[in-house]
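Each chain, letter by letter, is given below.
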Amino acid sequence: MQLVLYNRNCLLSNFAEYVIIASMKRKQIIIILCVLLAVCSVAIGVQAHNEKKENSTEPNSITQLTETQTESEATTAQSTTAEAQTQGEESTSAGKTTAKAQTSAEAGKTTAKQTTTAKQTTTTEKPTTATNKITVTISVTCHNAVKYGSDRAPASGVIISPVSYTAEEGATVFDVLKAVSSSQGVSLNYDRPTYIRGIGGLNEMDCGGGSGWMYRVNDTKPMTACNKYVLKDGDVIEWYYVTGASDN
């Protein structure tokens, strides 16, 4: 009986120890599980926080990218606007230059037209200058000296045949006689332009005391010295030799 009681007490003692040991292991397991659960919770929380942070960063990046693109587009637009303005200014400058060139061309045409008009005016004025010339006819004869028998007079009685001569307006009888005699190779003898002593080698007094040279214009004997008589266009001058007062 005692042995049975002893065995029962041993069994109870061993069971109590087993229960105690099992209880202690259970607590350790629970503690370990709690620690693991806490660690997992912390890890899950950290991961969730990181994911949230990454999600927050991506929109910011997208926003920054959008802002960068917007700024780039704005810069491009400004560059385009500036280029357009530059082209517009160049076009305006080109337009002004073209307008100026056209104005210069028109001014040149006007100047050329004025020059042409001036030339035409000058050409038109030439006949006016020509009207300052006069044309007269002159002749030198000595028929009376031939009748007188002078050996100094040509047999034809003509020293200078009637010839037309163009002179400056205001020319005198003496001017025309001197010019024509020189061109015809006829000698002219005079001390002064107011009085002619000889023409073609036939001089005064060669055919008597009353002989000498006289002139008439348009069949009229002017009472004026030959260098004082101013001619008109169309006048006819005749120098002739007389041997006396009755000769014509």
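As shown above, the structure is provided for reference.
Rules behind the numbers
Residues numbered from 1 in each chain as written. Predicted model: local features only at pLDDT ≥ 70, side-chain atom pairs only at ≥ 80, totals over all residues. Heavy atoms only, no water. Helix = DSSP H or I, 4+ residues; strand = E, 2+ residues; numbered from the N terminus. Contact = heavy atoms within 4.5 Å. Buried < 20%, exposed > 50% of the residue type's maximum accessible area, 1.4 Å probe, protein only. Phe/Tyr/Trp six-rings, centres within 6.5 Å; stacked < 30°, edge-to-face > 60°. Lys NZ or Arg CZ within 6 Å of the ring centre and 35° of its normal.

Trainee: Just to check I follow, could you spell out the environment of Ile138 for this structure?
Mentor: Tracing the backbone shows Ile138 in strand S1 (residues 133–141). Sequence-wise, Ile138 and Val180 are 42 residues apart; in three dimensions their C-alpha atoms are separated by 8.2 Å. With residues up to four places along the chain from it excluded, the contact list for Ile138 reads Ser161, Pro162, Val163, Val176, Leu177, Val180, Ile237 and Trp239.

Trainee: Is there a simple way to explain unusual backbone geometry in this structure?
Mentor: The bulk of non-glycine residues show a negative phi, and the bulk of peptide bonds are trans. Its identity is not glycine, yet Met205 carries a phi of approximately 70 degrees, on the positive side. Tracing the sequence through the fold places Met205 in the loop between strand S5 (202–203) and strand S6 (212–217). Judged by relative accessible area, which is 52%, Met205 ranks as exposed. Its identity is not glycine, yet Asn218 carries a phi of approximately 55 degrees, on the positive side. Structurally, Asn218 is set in the loop between S6 and strand S7 (236–242).

Trainee: Could you clarify how one ought to interpret the packing of aromatic side chains in this entry?
Mentor: The relative placement of two aromatic rings is captured by the distance of their centres and the angle of their planes. Applying the stated criterion to the full structure yields four aromatic pairs. Considering the side-chain rings of Phe174 and Tyr190, the 5.1 Å spacing of their centres and the 85 degrees angle between planes classify their relative orientation as edge-to-face. Within this pair, whereas Phe174 is found in helix H3 (residues 173–184), its partner Tyr190 is found in strand S3 (residues 188–192), the two being separated by 16 residues in sequence. Look at Tyr190 and you get partly exposed, because its relative accessible area is 28%. Arranged with centres 5.2 Å apart and planes meeting at 70 degrees, the rings of Trp213 and Tyr241 form a pair that is edge-to-face. Taken as a pair, Trp213 in strand S6 and Tyr241 in strand S7 lie far apart in primary sequence, 28 residues in all. Taken together, Tyr215, Tyr229 and Trp239 form an aromatic cluster joined through their ring pairs. Arg216 extends its terminal NZ or CZ atom over the ring of Tyr240, reaching a point 4.1 Å from the ring centre.

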